[in-house]
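Residue-level structure breakdown
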Amino acid sequence: MSRVIFDQPDGAAEWSFFWTDPETGANCKIRPDYFLPPCALFPGGLLVDGKTGEDMSAAGFARYAWNWELHIQAAFYADGFQRAMGSAVPPTFVWLAQEKD
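Throughout, a residue's number is its position along its own chain's written sequence, starting from 1. Per-residue local features of the predicted model are confined to residues with pLDDT of at least 70, and side-chain atom pairs are confined, for both listing and counting, to 80 or more; whole-chain, interface and lining totals are unaffected and use all residues. In computing side-chain properties, one takes all heavy atoms of the structure into account and sets aside hydrogens as well as water.

**Quick notes on the nonpolar core**
Think of a nonpolar core as a cluster: buried Ala, Val, Leu, Ile, Met, Phe, Trp, Tyr and Cys residues, connected wherever their side-chain atoms sit within 4.5 Å. We call a residue buried when its accessible area falls under 20% of the maximum for its residue type, exposed when it is over 50%, and partly exposed in between, using a 1.4 Å probe and counting protein chains only. With 11 residues, the main nonpolar core is built from A12, F17, W19, C28, I30, F35, L47, Y77, F81, A84 and M85. Going along the chain from the N terminus, every DSSP run of H or I of four or more residues is numbered as a helix, and every run of E of two or more is numbered as a strand. Mapped by element, the contributors of at least two residues to this core are β2 (17–20), β3 (27–30) and α2 (70–85). In terms of residue count, the dominant contributor to this core is α2 (4 residues).

Next comes the structure, spelled out in structure tokens:
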């Protein structure tokens, strides 16, 4: 995949990134809820993923993250974003959790 040219330093929401995995040949896609491109504060960029659930306390979110295997999603997104941006370091990844009520 070629490096993405992105000229909006304030980032963007719902931007899709596509690439072909070099090991498997699988076509891949990520669509972060919001991102910042690499910058002085975040050398690898910043990915923000919003999650909504019934119990988003520390313990509740830990269960939610485990049940939905969010660590796998975060690793996949970080890898894809790093490839897209051509960054030497992975992005900072943040979950923004809110309760439904």
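**Concerning the pattern of salt bridges**
Side chains that carry opposite charge are capable of pairing whenever their charged atoms lie near each other. Salt bridges, as used here, are contacts in which a Lys or Arg side-chain nitrogen is within 4 Å of a carboxyl oxygen on Asp or Glu. Under the criterion given, the structure shown has 5 salt bridges. We note a salt bridge from K51 to D49, for which the minimum N-O separation is 3.1 Å. Of the two residues examined, K51 and D49, each falls in the buried class. K100 is the partner of E54 in a salt bridge, and the nearest nitrogen-oxygen pair spans 3.8 Å. Placement of the pair is E54 in the loop between β5 (46–53) and α1 (58–67) and K100 in the segment after β6 (92–99), with a sequence separation of 46 residues. With respect to class, E54 is no different from K100; both count as exposed.

**Description of the sheet that holds strand β1 (residues 12–13)**
Here, a strand pair is defined by DSSP locating no fewer than two bridges between the strands. Here we have 4 strands laid out as an open sheet, ordered β1-β4-β5-β6, and mixed in their pairing. Because the sheet does not close on itself, it has two edges, and the strands there are β1 and β6. Pairing geometry for β5 and β6, over 8 bridges, is parallel. Following the sheet pairing, G53 is matched in β6 by E99.

**A word on α2**
Look at α2: 22 Å from first C-alpha to last across 16 residues, which is about the 22 Å you get at 1.5 Å a residue. Among the residues of α2, those classed as buried are L70, Q73, A74, Y77, A78, G80, F81, A84 and M85. Positive phi appears at G86, one or two residues downstream of α2, with a value of about 65 degrees. Multiplying 1.5 Å by the helix residue count minus one yields the expected span of that helix.

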